[in-house]
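Coordinate inspection notes
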Amino acid sequence: NPKIAAPSLLAALLAVTVMIGGPVAAVVISHQKELAEQQRDRAENNEKQARANEQKAVAAQKLADKNAERARKNAERAEKNATQAAEQRSLALRALTTLVTEVQQKLEDTPATHALKQSLLETALKGLRQIAASAGKSTIADSRMAVAHQRMGDVFQVLGHVGDARAQYERM
C-alpha cells in the first residue's frame, strides 16, 4: 500500500538517521568540547605568561631607573672632580708663577744667587711642564683652562722657552 509505505519509509529513514546521527553528533560534540577545553587551557597559560612578562618588565624598568640615577650621580661626581682638578691646576700654576716672577725679582738684586735662581727656574719649569701635560689630558675646555694655558705660556716665555710658550698659547 503506497499510502502506508511512504510514511513508513520516512519513519524508517528517520530512525536510521537518529541511530547514525546520534553517535556522530555525540562524537562531534565531544570533539568540540575538547577543542574548547584546549583553547581555555591555552588562554590560561597565555594569561599566566602575560603576568610573568609584566612582572619582568616592571623589574627591568626599576633596574633601568636605578641605573639612570647612578649614572646621573656619577656624572655629577665626575663634574665635581673635574672642577677640583682644574682648581688644583690653577693653584699650582699660581704657585709656579709666583716662584718664577716674584721670587726671581726679589733675588735679582741679591749677589751670588745666580745658581739658586737657575735651580728655582728649573724646578718651576718641571712643575709647569707637568701642569701642561695634566691640562692636556683634561677633557674640559672651559675659561679656566684657557687662562691657565695663557699663564703657562707667559711663564714659559719669561723662562725663554718660546716653543713651549707658543704651544700653550695655541691651546687657548
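First, a word on scope: everything that follows refers to the structure included in this document. (Residues numbered from 1 in each chain as written. Predicted model: local features only at pLDDT ≥ 70, side-chain atom pairs only at ≥ 80, totals over all residues. Heavy atoms only, no water.)

Let's shift gears to helix 1 (residues 2–108). An ideal rise of 1.5 Å per residue puts 159 Å on 107 residues; helix 1 measures up with 151 Å between its terminal C-alpha atoms. Along helix 1, the sharpest kink reaches roughly 30°, centred on Thr 98. Among the residues of helix 1, Ala 82, Thr 83, Ala 86, Arg 89, Leu 93, Leu 96, Leu 99, Val 100, Gln 104 and Leu 107 are the ones counted as buried. (Helix = DSSP H or I, 4+ residues; strand = E, 2+ residues; numbered from the N terminus. Expected span 1.5 Å × (residues − 1). Bend = angle between axes of the 7 residues up to and from the residue. Buried < 20%, exposed > 50% of the residue type's maximum accessible area, 1.4 Å probe, protein only.)

The next point concerns the environment of Phe 156. Within the secondary structure, Phe 156 is located in helix 3 (residues 143–158). Given the relative accessible area of 2%, Phe 156 is considered buried. Along the backbone, Phe 156 and Tyr 169 are 13 residues apart, and their C-alpha atoms lie at a distance of 10 Å. When sequence neighbours within four positions are dropped, the list of residues in contact with Phe 156 reads Leu 125, Leu 128, Arg 129, His 161, Asp 164, Ala 165 and Gln 168. (Contact = heavy atoms within 4.5 Å.)

What follows is about the pattern of salt bridges. Opposite charge on two side chains makes pairing possible when the charged atoms of those side chains draw close. Scanning the entire structure with this criterion turns up 3 salt bridges. For Glu 69, the salt bridge goes to Arg 72, with nearest N and O atoms at 2.3 Å. Here Glu 69 pairs with Arg 72, and both are found in helix 1, just 3 residues apart, close to one helical turn. For Glu 69, a relative accessible area of 32% translates into the label partly exposed. In this structure Arg 72 comes out as partly exposed when scored by relative accessible area, which is 38%. Between Arg 72 and Glu 76 there is a salt bridge, and its shortest N-O distance comes to 2.3 Å. (Salt bridge = Lys/Arg side-chain N within 4 Å of Asp/Glu carboxyl O.)

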